[in-house]
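# Summary of structural features
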Amino acid sequence: MTGLGRTTLLGTALVVLYTLAISSADAITKFVAQGYAAPQLFAFSGAVVVAMSWIGARLKREGQSLRTTCPRAMALRAALTVVGSVAFFYAFKLLPFAEVFVFIGMMPIFAGLFSAPVLGEHVRPLAWGALAAGFVGVLCLFPGGLASVSIGHLVALFACVTGTLSMVLARYIGKHESNSLAQVFYPNLALFLAMAMALPFVYKPMPMSDLAWVGAYAGFLFAARWLSVIALRLLAAYAVTPLMNLQFVWMVVLGAVFFGEVPAANIYLGVAIVIASGVFLVYDQMQPEGTPYPWVTRLGARFPILKFVVKTVD
């Protein structure tokens, strides 16, 4: 296996772990959002993640600091993290859990749109087809569709856009520095400071059980964001985000184990399409830039009439 192939497989494995961690964090968000305001969750969890990032940086070899060589991009990513986190919090509060994931399924499309102007990474035409197929797979999970557009749907769409931009910036920063903990530290520091200022106005006493949930949320969030930063350094953003749709699998598993929800056949179909889309995008990522797909080249050689198609999909 080539070095590019090993890098791609490692990035894929990290994304799979990310989906498990972020799905667990989202489930806790849905639970906590019913009884508390966003600042209460994010002020406490942000402080924990900041502390974990600082400790992690201190424990790394050679005393790696939390300095960044991309201060402006990091500041923008931090701001987007604050806005996106609050938007997702209220999206989970206003909408059923499943409906929010419809919008999360749109993130690969936005990643493809943002990758060209921000990263200079152009998506191949066939990869666009895989992106579209992945979104269709997401829609298969909810055959009834959205009954009507509400403020919750608009908030979820806004959360999707800001969250995708933050991830694309993580990829951009990762191209210029390898200090992954800095990308966890500064966005969560911004989240903690912003939420701490609002906390006195919305604070409600929390029993120890709820504090334990917040602590668990912080742990899952730290793991998810650290894993996503490393994965985005290894894989293109438009390849990472479809793989992140594997969190639908965890949603099905968690729903069956903890809530007794038996998935319908359309859910399995949607998950299959999403996974197939992600697998194809991993394959696309493994091909050197500017190199046509080997099977497309062979197809064009066997059927000369398809040479035009070969040039198009390159």
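Residues numbered from 1 in each chain as written. Predicted model: local features only at pLDDT ≥ 70, side-chain atom pairs only at ≥ 80, totals over all residues. Heavy atoms only, no water.

### Examining the overall build of the protein
Definition in use: The way it works is that DSSP assigns letters per residue, a run of H or I at least four long becomes a helix, a run of E at least two long becomes a strand, and they are numbered from the N terminus. In this scheme, a residue with accessible area under 20% of its type's maximum is buried, one over 50% is exposed, and one in between is partly exposed, where area comes from a 1.4 Å probe on protein chains only. Two residues form a contact once any of their heavy atoms are found within 4.5 Å. Using a 1.4 Å probe, the Shrake-Rupley method yields the accessible areas, and only the shown protein chains count as cover for residues.
Looking only at helices and strands, the protein features 14 helices and zero strands. Secondary structure elements in the protein, listed N-terminal to C-terminal, are α-α-α-α-α-α-α-α-α-α-α-α-α-α. Taken across its 314 residues, the protein has 48% of its residues classed as buried. Long-range contacts, defined as pairs at least 24 residues apart, comprise 88% of the intrachain contacts of the protein with a sequence gap of at least 6. Surface exposure of the protein reaches about 14,800 Å², of which carbon and sulfur atoms provide 72%.

### What to know about a nonpolar patch on the surface
Worth spelling out the cut-off: Patch criteria: residues need more than 30% relative accessible area and no salt bridge. Like-charged residues are merged within 9 Å; nonpolar side chains of Val, Leu, Ile, Met, Phe, Trp and Tyr are merged within 5 Å. The working definition used for a salt bridge is a side-chain nitrogen of Lys or Arg within 4 Å of a carboxyl oxygen of Asp or Glu.
A cluster of nonpolar side chains, contributed by Trp54, Ile55 and Leu59, occupies part of the molecular surface with about 360 Å² of accessible area. By the secondary structure assignment, Trp54 is in helix 2 (residues 38-59).

### Some words on the packing of helix 2 against helix 8 (residues 180-202)
Keep this limit in mind: Between N-to-C directions, angles cover 0 to 180 degrees, with each direction set by a line fitted to C-alpha atoms, over the stretch in contact for helices. Roughly parallel refers to an angle under 35 degrees, roughly antiparallel to one over 145, roughly perpendicular to one between 65 and 115, and oblique to any angle outside these ranges. Helix crossings fall into two classes, left-handed where the near helix is turned counterclockwise from the far one by less than a right angle and right-handed where it is turned clockwise.
Contact geometry for helix 2 and helix 8: axes closest at 7 Å, N-to-C directions at 150 degrees. Considering the angle they form, helix 2 stands roughly antiparallel to helix 8. The element helix 2 and its partner helix 8 pack so that their crossing is left-handed.

### Regarding the nonpolar core
The condition is simple: The definition of a nonpolar core used throughout is a set of buried Ala, Val, Leu, Ile, Met, Phe, Trp, Tyr and Cys residues joined through side-chain atoms within 4.5 Å.
Of all hydrophobic cores here, the largest spans 54 residues; its most connected members are Leu41, Phe42, Val100 and Tyr217. Looking at this core element by element, the count peaks at nine residues for helix 1 (residues 3-33). For Phe42, the contacting residues outside a window of four places in its chain are Ala47, Ser85, Val86, Phe89, Leu191, Phe192, Met195 and Tyr217. Val49, Leu181, Val184 and Phe185 belong to the second largest nonpolar core, which has nine residues in total.

### With respect to the packing of aromatic side chains
Quick reminder of the rule: Stacked, edge-to-face and tilted labels apply to pairs of Phe, Tyr and Trp rings (six-membered ring for Trp) whose centres lie within 6.5 Å, assigned for plane angles under 30 degrees, over 60, and everything in between, in that order.
Inspection of the entire model under this criterion finds six aromatic pairs. Seen from their ring centres, Phe89 and Tyr90 are 5.1 Å apart, and the 80 degrees between their planes marks the pair as edge-to-face. For Tyr90, a relative accessible area of 29% translates into the label partly exposed. In textbook terms, an aromatic cluster arises when at least three aromatic residues are bridged by ring pairs, as seen for Phe42, Phe89, Tyr90 and Tyr217.

### Things to note about the side chain of Thr81
Selection rule: Polar contact is the term for a pair of N or O atoms within 3.5 Å; when the atoms are in protein, one must be able to donate a hydrogen and the other to accept it, and sequence-neighboring residues count only if both atoms are side-chain atoms.
With respect to the element layout, Thr81 can be found in helix 3 (residues 71-94). According to the relative accessible area criterion, Thr81 is buried, its value standing at 7%. A polar atom in the side chain of Thr81 sits 2.8 Å from the backbone oxygen of Arg77. There is a polar contact of 3.4 Å between the side chain of Thr81 and the side chain of Ser166. Those residues in contact with Thr81 that lie beyond four places of it in its chain are Ser166, Pro187 and Arg225.

### A look at the packing of helix 8 against helix 9 (residues 208-234)
Here is the rule: Note on residue classes: Ala, Val, Leu, Ile, Met, Phe, Trp, Tyr, Cys and Pro are nonpolar, Asp, Glu, Lys and Arg are charged, and everything else, Gly too, is polar.
Across the interface, helix 8 lies against helix 9 with an axial gap of 9 Å and an inter-helix angle of 135 degrees. Taken together, helix 8 and helix 9 sit at an angle that is classed as oblique. Relative to helix 9, helix 8 is oriented so that their crossing is right-handed. Here Ser180, Leu181, Gln183, Val184, Asn188 and Leu191 of helix 8 come into contact with helix 9, specifically with Leu221, Phe222, Arg225, Trp226, Val229, Ile230 and Arg233. For the contact of helix 8 with helix 9, the per-class residue count stands at eight nonpolar, three polar and two charged.

### Here we look at the side chain of Asn188
If you trace the backbone, Asn188 turns up in helix 8. Here Asn188 is in contact with Gly46, Val49, Val50, Leu221 and Arg225, once residues within four sequence places are set aside.

### A word on the environment of Ala25
Looking at where Ala25 falls in the secondary structure, it is placed in helix 1. A C-alpha to C-alpha distance of 8.5 Å links Ala25 and Gly219, two positions 194 residues apart in sequence. With residues near it in sequence (within four places) discarded, Ala25 still touches Tyr217, Phe220 and Leu221.

### A word on the environment of Ile104
As for its placement among the helices and strands, Ile104 is situated in helix 4 (residues 97-104). Judged by relative accessible area, Ile104 falls into the buried class, the value being 7%. A sequence separation of 59 residues divides Ile104 from Gly163, and the C-alpha atoms of the two residues are 9.2 Å apart. Apart from the residues lying within four places of it in its own chain, the contact partners of Ile104 are Phe88, Asn245 and Gln247.

All we've got here are geometric facts, nothing functional implied.
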